[in-house]
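Results of the structural survey
Residue strings, one per chain:
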Amino acid sequence: MVLKSTVFKAEVQLADIDHGCYTDLSLTLARHPSETDERMMVRLAALALNAHQVQDLCGGDARIGFGAGLSSPDEPDVQLVDFTGRTRLWIEVGQPDDKPLAKACSKADAVIVYAYGPAADVWWRGIEGKLARLDRLSVWRLPAADAQALAGLAERGMALQATIQESVLTLSNADGSVSIEPLRWK
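Right, let's walk through the structure included here. All residue numbers here refer to positions counted from 1 along the written sequence of the relevant chain. Restriction of local features to residues with pLDDT of at least 70 applies here, the model being predicted, together with a cutoff of 80 or more for giving and counting side-chain atom pairs; totals for whole chains, interfaces and linings are based on all residues. Values shown for side chains rest on all heavy atoms present in the structure; no hydrogens or waters enter the calculation.

**Quick look at the packing of aromatic side chains**
- Only Phe, Tyr and Trp rings take part, Trp by its six-membered ring, and two of them pair if their centres are within 6.5 Å. Stacked means planes under 30 degrees apart, edge-to-face means over 60, and tilted covers everything else. If you walk through the whole model with that rule in mind, you get 2 aromatic pairs.
- For the ring pair Trp123 and Trp124, a centre distance of 6.0 Å and an interplane angle of 45° mean the geometry is tilted.
- Measuring from centroid to centroid gives 5.2 Å for Trp124 and Trp185, while their planes differ by 15°, and the two rings are stacked. Highlighted residues: Trp124 in helix α4 (residues 120–131) and Trp185 in the segment after β11 (183–184), separated in sequence by 61 residues.
- Classification of Trp124 as buried rests on a relative accessible area of 8%. Going along the chain from the N terminus, every DSSP run of H or I of four or more residues is numbered as a helix, and every run of E of two or more is numbered as a strand. Only protein chains enter the accessibility calculation, which uses a 1.4 Å probe. A residue is then buried if its area is under 20% of the maximum for its type, exposed if over 50%, and partly exposed in between.

Here it is, written out as structure tokens:
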């Protein structure tokens, strides 16, 4: 029997003070059976951190959204595609291999990785040299404890506030909040 993805809905009120982006996002997240709440919420955080790019890169003429996820390894976790069909931003979460990242750099104007989890530092030490030549790539580290705390915000129907100020993302709901300050590695 094939297991189906679990669908989550998120209404996000985004206030990105750093970039002057204020918008409401209605998002649908399909969580693959092998995906954790932590990974799903890191995908949502990555989208919130880059929602300003719709205006900054494309003057508003684009769509930012989730890729097919774990079920389609050739698609990004989050992507920004302009109305000509050009992939402007390709975002991966976790600790991807260098070859898929090189391929993504050939398909998109910019590629961002948000590494998280207790093994992220080990992954980075092992892959940093291989990624140095990829000039379209940037790599960010999300603190492991903060990424784990995001899982506590996961609900099938989410009403979230996302505030970005001084490079810190704070995601909150009626029960609590989590603040994340990404650290740039590359």
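**Examining the pattern of salt bridges**
- Within this document, salt bridges are pairs made up of a side-chain nitrogen of Lys or Arg and a carboxyl oxygen of Asp or Glu, the two lying within 4 Å of each other. The tally for this structure, following the rule as stated, stands at 8 salt bridges.
- Taking the shortest distance from any N to any O, the salt bridge between Asp109 and Arg86 comes out at 2.6 Å. On the criterion of sequence distance, the pair formed by Asp109 in the loop between α3 (98–107) and β6 (110–115) and Arg86 in the loop between β4 (78–82) and β5 (87–93) is long-range, its members being 23 residues apart.
- When its relative accessible area of 28% is taken as the criterion, Asp109 is described as partly exposed.
- Connected via shared salt-bridge partners are Glu35, Arg39, Arg43 and Asp77.

**What about the environment of Ala46?**
- As for its placement among the helices and strands, Ala46 is situated in helix α1 (residues 37–50).
- Here the alpha-carbon distance between Ala46 and Val113, two residues 67 residues apart in the chain, equals 9.0 Å.
- Any two residues having at least one pair of non-hydrogen atoms within 4.5 Å are treated as being in contact. With residues near it in sequence (within four places) discarded, Ala46 still touches Ile91, Val93 and Tyr114.

**Re the sheet that holds β4**
- Strands sit in the order β3-β4-β5-β6-β7-β11 across an open sheet of 6 strands; the sheet is mixed. With partners counted over all chains shown, the strands left at the sheet margins are β3 (62–66) and β11, one partner each.
- Relative to β11, strand β7 (residues 137–141) runs antiparallel, the two being bridged by 2 bridges. Across the sheet, the residue bridging to Trp140 is Arg184, located in β11.
- Angles shown run from 0 to 180 degrees and are taken between the N-to-C directions of axes, each axis being a line fitted to C-alpha atoms and, for helices, limited to the stretch in contact. Running over the sheet, α4 touches β6 and β7 and is turned about 165° from β7. The rule for pairing is simple: two strands pair if DSSP sees at least two bridges between them.

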